[in-house]
Amino acid sequence: MTVVRLEKLRKIFDNRVVAVDDVDLVVNDGEIMAVLGPSGCGKTTLLRLVAGLEEPTSGRILFDDRDVTRLPTQERNTAVVPQTWALWPHMTVFDNVAYGLRLKKKKTNLTEEEIRKRVREVLELVDLSGFEERKPFQLSGGQQQRVALARALVVQPEVLLLDEPLANLDAKLRVELREEVRKIAKRLSMTTIYVTHDQEEAMAVADRIAVMNAGKIQQVGRPEEIYYKPANFFVATFLGRSNVLKGRVVETKGEAATLDVGFLIAAQTPHRLAPGDEVEVVVRPEDIYIGGGNLKCAVEDIVFLGRYYQTTLRCSGKVLKAEGPRPPAQPGEEVAVEIARAWAFKP
């Protein structure tokens with residue numbers, strides 16, 4: 001398949017809005033790369049640049065060693081699955097999927113029988129065999145999304161580009177379809193860029209994640225690396241839920257530091273810190289264990305949230321949210337608490 005390389009890619013709108021800011025990124029052959037970030041961070045613009053739907057202000061886009069930076073969309077052999085699906089309402093499922101092939105019929109010398117064979121194969125791949133004659137209004141949201149995916153796959157693109165493809169589906173269906181998308185992309189060994197604002201979706205689908213904010217790539221790595229070794233404060237607070245405390249460095253040892261946040265806490269840090277430095281400390285709720293440890297905290301509230309209880313604690317005047325089993329205490333009682341993991345970042 002294809003390696004995608006973005007080199008110092010930059011896009012400025014109206015000579016003032018920097019949407020993509022000197023992005024360097026490599027998506028390996030057959031890899032699923034999720035571009036994860038909040039609304040307005042530039043991730044969709046990045047995808048549109050790769051697709052050829054926007055022209056970069058500067059930088060290069062390479063597919064393997066081929067520079068496609070200035071090539072028109074139709075010459076890049078990419079396929080985009082948009083958030084809105086954009087199916088032709090008057091066409092059947094079969095004709096929607098075959099549309100791209102028929103546009104390329106003269107260029108590819110495909111016969112109508114070859115087109116029909118390829119459409120049938122891809123509809124089987126996305127579990128839509130038997131739906132060929134239905135119109136989009138006769139399909140569920142999940143089935144319409146599968147048609148959009150089939151339409152992209154049938155042209156056999158070098159690079160598959162998905163822009164928030166599951167955003168319009170309900171939560172249960174999103175979980176089911178994200179598994180299908182990953183399975184299909186892996187079966188076809190297709191180089192894939194998957195844009196999303198949903199961190200759980202990114203971790204479930206991707207081999208690696210590029211976290212993006214304000215037009216810049218903040219960190220690239222496997223889901224476990226991004227989650228357990230965040231490169232900066234933004235990444236640490238964007239992935240997962242978090243408690244944020246302000247503190248001061250007491251002592252350091254390598255990548256570890258002891259901090260005073262109103263109580264003493266050990267934290268990991270990607271920065272060079274020195275005693276006395278002011279820091280922002282991130283503690284995830286699942287890393288707070290109730291029932292052991294040396295920190296004494298008062299239970300303020302306990303809320304059942306299905307898979308876990310959320311416990312609000314007050315520890316030396318600081319409020320922390322913990323997630324886990326129901327604590328062996330009632331609101332107003334004191335418990336022993338251990339903070340198993342925390343990260344410290346320079347403001």
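Everything that follows concerns the structure shown earlier in this document.
Residues numbered from 1 in each chain as written. Predicted model: local features only at pLDDT ≥ 70, side-chain atom pairs only at ≥ 80, totals over all residues. Heavy atoms only, no water.

### Brief notes about the pattern of salt bridges
Thinking step 1. Throughout the structure, instances matching the rule amount to 27 salt bridges.
Thinking step 2. Of the charged contacts, one joins aspartate 67 and arginine 60 as a salt bridge, the two residues approaching to 3.6 Å between their closest N and O atoms.
Thinking step 3. Across the pair aspartate 207 and arginine 182 runs a salt bridge, and its minimum N-O distance is 3.2 Å. Taken together, the residues aspartate 207 in the loop between α7 (199-205) and β9 (208-213) and arginine 182 in helix α6 (residues 171-187) connect sequence positions 25 residues apart.
Thinking step 4. On the accessibility criterion, arginine 182 (25% relative accessible area) is partly exposed. (Salt bridge = Lys/Arg side-chain N within 4 Å of Asp/Glu carboxyl O. Helix = DSSP H or I, 4+ residues; strand = E, 2+ residues; numbered from the N terminus. Buried < 20%, exposed > 50% of the residue type's maximum accessible area, 1.4 Å probe, protein only.)

### Description of unusual backbone geometry
With the exception of glycine, the majority of residues adopt a negative phi angle, and the majority of peptide bonds are in the trans configuration.
Thinking step 1. Although it is not a glycine, aspartate 22 sits at a positive phi angle of roughly 50°.
Thinking step 2. Locating aspartate 22 in the fold gives a position in strand β2 (residues 17-27).
Thinking step 3. A relative accessible area of 36% places aspartate 22 in the partly exposed class.
Thinking step 4. Even without glycine at this site, glutamine 156 takes up a positive phi of about 50°.
Thinking step 5. Position of glutamine 156 among the secondary structure elements: in the loop between α5 (141-153) and β7 (159-163).
Thinking step 6. A relative accessible area of 49% means that glutamine 156 is categorised as partly exposed.

### Some thoughts on the sheet that holds strand β4 (residues 58-63)
Thinking step 1. Pairing is antiparallel in the open sheet, where four strands are placed in the order β2-β1-β4-β5. If you trace the sheet from one side to the other, it starts and ends with β2 and β5 (66-67), each paired once.
Thinking step 2. In the sheet, strand β1 (residues 4-13) pairs with β4 via five bridges, with the strands oriented antiparallel. Along β4, the bridge assignment pairs valine 4 with phenylalanine 63.
Thinking step 3. Across the sheet, helix α1 (residues 43-51) is in contact with β1, β2 and β4; its angle to β1 comes to roughly 115°. (Pairing = 2+ DSSP bridges. Contact = heavy atoms within 4.5 Å. Axes fitted to C-alpha atoms, helices over the stretch in contact; angles between N-to-C directions.)

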